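These are the residues of each chain, in order.
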Amino acid sequence: MAALAIATDLCSQALGQQPRQYTTQDYAAAERFMGYNVNPLAYKGVVHARWLDDDRFWYRSVDDSGVTFMVVDPAKGTRTPAFDQGKLATALASASNGNIKDDAQHLRLQIDSLSNNSSVLNLTYTGVSYSCQLSPASDTCKRLTPNDKTTGANGAAEKQPPLALSPDKKLGAFIRDWNRWVRDMATGAETHLTTDGVKDYGYATDNAGWKQSDAAVLLWSPDSKKIATFQQDQRKTGEMYLVPVTNGHPTLKAWKYPLVGDENVTMIERVIIDVDSRQMVRLKMPPDQHRSTICDDVTCRGTGSVWDDVEWSPDESHLAFVSTSRDHKQEWFRVADASTGEVREVMTETAPKFFESGDNMVNWHYLPKSSEILWFSERDNWGNLYLYDLATGQLKNQITHGDGNVTQVQRVDEATRTIYFIGVGKEPGRDPYFQHLYSIHFDGTGQKLLTPENADHSVKLSTDGRYFVDSYSTPTEPQTTVVRDSDGKLVMDVAKQDISKLVANGWKPLTPITVKGRDGKTDLYGMMFTPTHLDPAKKHPIVNHIYPGPQIGSCGSRSFEAARSDDQALAELGFIVVCIDGMGTNLRSKSFHEAYYGDLGDNTIPDQITGMKQLAAKYPFIDIDRVGMYGHSGGGNATAAAMLHYPDFFKVGIAESCNHDQRDYEDDWAEKWAGLPVKNPDGTSNYDSQANQNFAKNLKGHLLLAHGTMDDNVPPNNTLILVDAFIKANKDFDLILFPNAAHGYGAASQYMTRRRWDYFVRYLAGDVPPNEYEMKPWPAVMKIMGNGPYDGDFDGGR
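Residues numbered from 1 in each chain as written. Predicted model: local features only at pLDDT ≥ 70, side-chain atom pairs only at ≥ 80, totals over all residues. Heavy atoms only, no water.

**Focus on the overall build of the protein chain**
- Along the protein chain, the regular secondary structure elements total 13 helices and 49 strands.
- Expected size for 798 residues packed as a compact globule is a radius of gyration near 28 Å; at 27 Å, the protein chain falls within 12% of this value.
- The buried share of the protein chain, reckoned over its 798 residues, is 56%.
- Taking the contacts inside the protein chain whose residues are at least 6 apart along the sequence as the reference set, 60% of them involve residues at least 24 apart.
- For the protein chain, the computed accessible surface area is about 32,100 Å², with 50% contributed by carbon and sulfur atoms.
- One finds the centroid of the 81 positive side-chain charges in the protein chain at a distance of 2 Å from the centroid of its 103 negative side-chain charges. (Helix = DSSP H or I, 4+ residues; strand = E, 2+ residues; numbered from the N terminus. Rg over C-alpha atoms; globule rule 2.2 N^0.38 Å. Buried < 20%, exposed > 50% of the residue type's maximum accessible area, 1.4 Å probe, protein only. Contact = heavy atoms within 4.5 Å. Areas by Shrake-Rupley, 256 points an atom, 1.4 Å probe, with all protein chains shown as cover. Lys, Arg positive; Asp, Glu negative; His and termini not counted. Charge placed at Lys NZ, Arg CZ, Asp CG, Glu CD.)

**Overview of empty space enclosed by the protein**
- This model, assessed by the stated rule, comprises 5 cavities of 30 Å³ or more.
- Around the largest cavity, the lining residues are Trp507, Lys508, Pro509, Leu510, Phe529, Glu561, Ala562, Ala563, Arg564 and Gln568.
- Taken together, the residues of the lining of the largest cavity sort by class into 6 nonpolar, 1 polar and 3 charged.
- As a volume, the second largest cavity reaches approximately 60 Å³.
- Taken together, Asn207, Ala208, Gly209, Gln234, Pro258, Thr266, His290, Arg291, Asp296, Glu666, Asp667 and Asp668 make up the full set of residues lining the second largest cavity.
- Taken together, the residues of the lining of the second largest cavity sort by class into 2 nonpolar, 5 polar and 5 charged. (1 Å grid on protein atoms, 1.4 Å probe; cavity = no way out; pocket = protein on both sides within 12 Å on 5 of 7 lines; lining within 4 Å. Points joined across faces, edges and corners; volume = space filled by probe spheres on them. Nonpolar A, V, L, I, M, F, W, Y, C, P; charged D, E, K, R; others polar.)

**Brief notes about the state of the cysteines**
- In this structure the tally under the stated criterion is 3 disulfides.
- Covalently, cysteine 295 is tied to cysteine 300 through a disulfide, its sulfur atoms 2.0 Å apart. Of note, the bridge from cysteine 295 to cysteine 300 carries an S-S torsion of about -80° and is left-handed in sense. Both residues of the pair, cysteine 295 and cysteine 300, count as buried. (Disulfide = S-S within 2.5 Å.)

**Some remarks on the packing of aromatic side chains**
- In total, this model carries 28 aromatic pairs according to the counting rule given.
- Relative to tryptophan 181, the ring of phenylalanine 174 lies with its centre 6.3 Å away and its plane at 25°, an arrangement referred to as stacked. Like phenylalanine 174, the residue tryptophan 181 is buried in the burial classification.
- Relative to tyrosine 751, the ring of phenylalanine 738 has its centre 6.2 Å away and its plane inclined at 85°; by these criteria the two rings are edge-to-face. (Phe/Tyr/Trp six-rings, centres within 6.5 Å; stacked < 30°, edge-to-face > 60°.)

**Here's the deal with helix α13 (residues 778-786)**
- Listed in full, the buried residues belonging to α13 are Val781, Met785 and Gly786. The buried residues of α13 occupy one face: seen down the axis, they fall within an arc of 125°. In α13, the exposed residues that point more than 90 degrees away from the buried face are Pro779 and Lys783. (Arc of directions from axis to C-beta.)

**A look at the sheet that holds strand β40 (residues 480-485)**
- Strand order in the open sheet made by the 4 strands is β38-β39-β40-β41, with antiparallel pairing throughout. This sheet does not close on itself; its edge strands, each paired only once, are β38 (456-461) and β41 (490-496). Across the sheet, the axes of successive neighbouring strands diverge by a mean angle of 20°, strand direction being ignored. (Pairing = 2+ DSSP bridges. Axes fitted to C-alpha atoms, helices over the stretch in contact; angles between N-to-C directions.)

**Examining the nonpolar core**
- By size, the foremost hydrophobic cluster in this structure holds 75 residues, and its most contacted members are Leu88, Leu92, Leu109 and Phe575.
- The element contributing the most residues to this core is helix α12 (residues 749-763), with 6 residues.
- Judged by nonpolar contacts, the second largest core, of 40 residues, contains Ala641, Phe649, Ala696 and Val723. (Core = buried A, V, L, I, M, F, W, Y, C linked by side-chain atoms within 4.5 Å.)

Laid out in structure tokens, this is it:
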């Protein structure tokens, strides 16, 4: 780890001020506003609903006493504890041989099903499945997941792989030795379905280069008789290498990681497997690109298991899927005969720059009962739905129209020919990022707003679509949760988030901001964080917290959050912190999203500069001569680019875990947003302008680089190429390497946060930070966040 240079900064003296000596108390006051300190003050009344199969849903209700698992029955209008947590804690401790030690009010479990008049509970506890019998006298639980270790085909002990459960929950599919297996969930008996899988040419393997897991990527047929999956060919794909920091001989980590422009990249060969007969049908088509219509992987909703862009017919006779070109410009909708493997191409669409089928959810649907296809396209500059004829591939009609986007199709009711979808930007005068639920008929008539409040709506539909949970809030107004029916009619109130303790702790809401973009016409939206004890008569340095997209923006969700990363905490140290969703990010028009296609070095920075200048003109307490920026991953790339392309405007930058040249990052991401590499006769290429190392000589201000040495998403050589360029250009810079840390820094996150604060205090404010302030220990942070309403999950930042 390189030491952070300690030098006397002349910024304060230039302003005619003496440097301020920050104290431990100053940093402690700022740390009060970190998520792990303020989120628990606002947990009460937060609902993170999960539907059961019987039109009830459960959630974790959190208050000062701990966590209570609640079950809501909209039909009865009831809201009751799901079970006796004391009895269940005792039963789980016994079933786990004492390994589960959590007390009754801090159980970290997820309810999978609650049936037989709430007497049979199936749950998952930190990855392990249990089945419990609940009775008035006592509860008994049985562990369903086998022990962590078993004997593999080579006779060696191996960890149990994750299971992809069949719809009837009787079988679990998994990978062993690159082949497809299934386990009988009742008996534990295991059966291999394939035998010819080998290293780098295995079945259902989950490796996109930038992320990988042991989970199987597949889609079960509705009757649990067939599996659609693929054999993934990585035999010619290039490798990536990492070596851990050890006190002895390290173990090399090597895995397949295709890069931008590689001649050979990962391909998939689609197959269908009949589970009972163990017969496999290969689809009669060439290998497909390892691509999806919405993300840089074939599974876009988490790690493993869920294969996107694939749908079965209700009778399991056919499989529909969409193939994506390597550069994401063209899509092919195809239908395969599950028995013969014959493939019919039904329709295709080509986009000039890039095609997407929605926002974080595939929006096309295969409707064989009516011989139709529900299709998503941005061909008219907005994300809209279209209805196609399945037999001919011809357009029947456009369904949704006008400004604003369909982002996620939540439900297709074929019986009533009604579609339920999440939309943004469709309500004039409202924040264009606010999400609302709508319904509309297949023929495009009867579009109806089902969530009327002027807020951001997080919606979850019941399994049969009869009800939906609607949790709505804004960045400044806490969450209200209700249940509505499919027509949008209010069924019952569930909870209101209580932020009284948060306010009593000194918290104040952020300030929503609107500025004009680089063109002087386009409205850009963002958020501003100011010190809770702001002195408007003083000038405060401004810090821009950036993520340039293009797949997302800087500010994230428009729902209520007590803390957004460390933005407010940093503001408490005397800074104005802003985020601005610049041109080129998602959820606006297609032309807005394409604003810097092919020029990833743009990074929305022109919008950030003009936006901050407008804010400084409106708010005199902003010192536009002292501007800093920081970001992680793509945000770090943007930070370094800002420092190198606009060195007279940006004075201080902190770039964490960055892909400074996309040619050293995985192929799928940049090839979508910038196109395939093209070399010109003079040796230059269309990727040169985004490569930060090409502009190292321009550095003037203070730049801190940080990276984890075992980052398998953005490998550390992405930062080291910039380090090398700075050395060759004889430039001063600062560097922190986190031994054995991944893309997020884990236990070292607190250290990075403190060093970030120190860096801005010293070089942007021109003051002196306290010596080695110690933040809350990471285990304590994890314990706090694990006892919230989100099953232990929390937003660790952008």
